Amino acid sequence: MTTVVQEKPRAFPIPAGVFAETVTAVTHYTDRLFRFRMTRPPSFRFRSGEFVMIGLPNAEKPVYRAYSITSPSWDDELEFFSIKVPGGPLTEHLKEIRPGDTVLMRRKPTGTLVNDALLPGERVYMFSTGTGIAPFASLVRDPETYEKFGTVILTHTCREAAELAFGMELVDMVRSDPLVGEFARDRLVHYPTVTREEFARTGRITEHIGSGRLFDELGLPPIDPESDRGMICGSMAMLKDTRKLLEGFGLAEGSNSSPDTYVVERAFVD
């Protein structure tokens, strides 16, 4: 894991109608994954779990992509977790950012992976693959999550164990956080799995749900719409399969305007 510390100049003028923020830190976890932090506009408000459109001032018409904000709504800075896509119109350049660089951000946050879109429950399952953990990184650091749910179960499935590093670091940090640590130490459950190499727990999360292994290992009953809630963020195939499983347990999809027992996010980077 390395942190980039060099600076480089801005290439193009800042477009009108967007925030232009300064990168404060960049951490590369693998050759495919990195996170970065940047300044937060004083007027910018969002709900933990929402996403925004971000881009770079490297063209007259910058490319924007949807990125979930991984920092909680109370943080003084904004944080994002990204994949590096070879040839991706944004990530090909975004992976090169350094502290001092400028990142563009459109002004309106949105998203369905928010506490407001779910009914209160005894437990909330946050199912994620890859960078799909990003919105949950925001939610598990928000006190409101622990006010609404008794137990928070964060699952994270990646191809290789090294790709779990962001989630491992996140959980350790949350459990020692002065704001939510007292809740998270006893009530935040982390369930990582790996699909392409040997690991303590292997296989897709859908396999662990379908076989019942998830519940057996956690010492919990199968998902029940009376007490359990679900949030899903990952690949399209994972979304489809996990939705089917949750609906098989009797859960129904909710939204900001009509809260229910599970929600799905469909925003992706390139």
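Along each chain, numbering runs from 1 in the same order as the chain's sequence is written. Totals for whole chains, interfaces and linings use every residue, but because this is a predicted model, local features are given only for residues with pLDDT of at least 70 and side-chain atom pairs only at 80 or more, for both listing and counting. Working from all heavy atoms in the structure, the side-chain values ignore hydrogens and water.

J.: Is there a simple way to think about the overall build of the protein chain in this case?
T.: A tally of helices and strands in the protein chain yields eight helices and twelve strands. The burial tally for the protein chain puts 52% of its 270 residues in the buried class. When contacts within the protein chain are restricted to residue pairs at least 6 apart in sequence, long-range pairs at least 24 apart make up 73% of them. Surface exposure of the protein chain reaches about 11800 Å², of which carbon and sulfur atoms provide 50%. When charges are counted, Lys and Arg contribute as positive and Asp and Glu as negative, whereas His and the chain ends are disregarded. Positions of charges follow a simple convention, taking NZ of Lys, CZ of Arg, CG of Asp or CD of Glu. Of the charged side chains in the protein chain, 32 are positive and 38 negative; the average position of the first set lies 5 Å away from that of the second. Here a helix means four or more residues in a row that DSSP labels H or I, a strand means two or more in a row labelled E, and each is numbered from the N terminus. The buried label goes to any residue with under 20% of its type's maximum accessible area, the exposed label to any with over 50%, and the partly exposed label to all in between, with areas taken from a 1.4 Å probe on protein chains only. Whether two residues are in contact is decided by their heavy atoms, any of which lying within 4.5 Å being enough. To measure how exposed things are, a 1.4 Å probe is used in the Shrake-Rupley method; for residues, cover is taken only from the protein chains shown.

J.: Help me out: how do you make sense of the pairing of strand β10 (residues 188-194) in this one?
T.: In regular strands, side chains alternate between the two faces of the sheet. In terms of burial, β10 is a largely internal element, six of the seven residues being buried. Paired strands, in this sense, are two strands between which DSSP finds at least two bridges. Direction of pairing for strand β9 (residues 149-158) relative to β10: parallel, over a ladder of seven bridges. The residue of β10 that forms the bridge with His-156 is Pro-192.

J.: What am I meant to see in helix α4 (residues 165-175) here?
T.: Three- or four-residue spacings in an α-helix give side chains the same orientation, since the helix completes a turn every 3.6 residues. Where α4 is concerned, the buried positions are Phe-166, Gly-167, Leu-170, Val-171 and Val-174. One side of α4 holds all its buried residues, which, seen down the axis, span an arc of 130°. Comment: arc refers to directions from the helix axis out to C-beta atoms.

J.: What is the right way to look at the sheet that holds β9 in this model?
T.: Two orientations exist for strands paired in a sheet by backbone hydrogen bonds: parallel and antiparallel. The sheet built from five strands is open, its strands ordered β10-β9-β8-β11-β12 with parallel pairing. The sheet is open, and its two borders are formed by β10 and β12 (262-264), each paired with just one other strand. Across this sheet, the average inter-strand angle for adjacent strands is 15°, counted without regard to direction. Its contacts with the sheet put α4 on β9 and β10, and the angle it makes with β10 is roughly 170°. Axes here mean lines fitted to C-alpha atoms, for a helix over just the part in contact, with angles spanning 0 to 180 degrees between N-to-C directions. Here helix α8 (residues 236-248) sits on the sheet in contact with β8 (121-129), β11 (228-233) and β12, set at roughly 170° to β11.

J.: I would appreciate a short explanation of the state of the cysteines in the present structure.
T.: Formally, a disulfide is one covalent bond, and it connects the sulfur atom of one cysteine to the sulfur atom of another. Any two cysteine sulfur atoms within 2.5 Å of one another count as a disulfide. Applying the stated criterion across every chain, the model contains zero disulfides. In this model Cys-158 remains outside any disulfide bridge; the closest cysteine sulfur is found in Cys-233, 12 Å from its own.

J.: Would you take a moment to explain the environment of Arg-32 for this structure?
T.: Structurally, the position occupied by Arg-32 is in the loop between β2 (18-28) and β3 (33-39). The spatial distance from the C-alpha of Arg-32 to the C-alpha of Ile-83 is 5.5 Å, given a sequence separation of 51 residues. In this structure Arg-32 touches Ser-82, Ile-83, Lys-84, Arg-159 and Glu-163, once residues within four positions along its chain are discounted.

J.: I keep staring at the nonpolar core and nothing clicks. Help me out?
T.: It is characteristic of soluble globular proteins that their nonpolar side chains tend to be buried jointly. If you look at the biggest cluster of nonpolar residues, it comprises 30 residues, and the most contacted ones within it are Met-126, Leu-188 and Met-231. Where this core is concerned, the elements lending two or more residues are β6 (77-83), β8, α2 (134-139), β9, α4 and β11. What Leu-188 contacts, discounting residues up to four positions off in sequence, is Val-140, Tyr-146, Val-152, Leu-154, Val-171, Val-174, Arg-175 and Phe-183. By nonpolar core is meant a set of buried Ala, Val, Leu, Ile, Met, Phe, Trp, Tyr and Cys residues that side-chain atoms within 4.5 Å join together. Counting residues in each nonpolar core, the second largest holds 20 residues, with Val-26, Val-52, Tyr-67 and Leu-90 among its members.

J.: Would you take a moment to explain the packing of aromatic side chains for this structure?
T.: Aromatic rings considered in pairs are described by the distance between their centres and by the relative angle of their planes. Aromatic rings from Phe, Tyr and Trp, with only the six-membered ring used for Trp, were paired whenever their centres fell within 6.5 Å, and each pair was classed as stacked if the ring planes differed by under 30 degrees, edge-to-face if by over 60, and tilted otherwise. Per the counting criterion, the structure on display carries twelve aromatic pairs. Their ring planes at 85° and their centres at 6.1 Å tell us that Tyr-29 and Phe-81 sit as a pair that is edge-to-face. Placement of the pair is Tyr-29 in the loop between β2 and β3 and Phe-81 in strand β6, with a sequence separation of 52 residues. Phe-81 shares its class with Tyr-29; the two are buried. Cluster of aromatic residues (ring-pair linked, three or more members): Phe-34, Phe-36, Tyr-67 and Phe-80. Two conditions define a charge sitting above a ring: the NZ of Lys or the CZ of Arg must be within 6 Å of the ring centre, and it must be within 35 degrees of the ring normal. Note that Arg-106 overlies the ring of Tyr-64, its terminal NZ or CZ placed 4.0 Å from the centroid.

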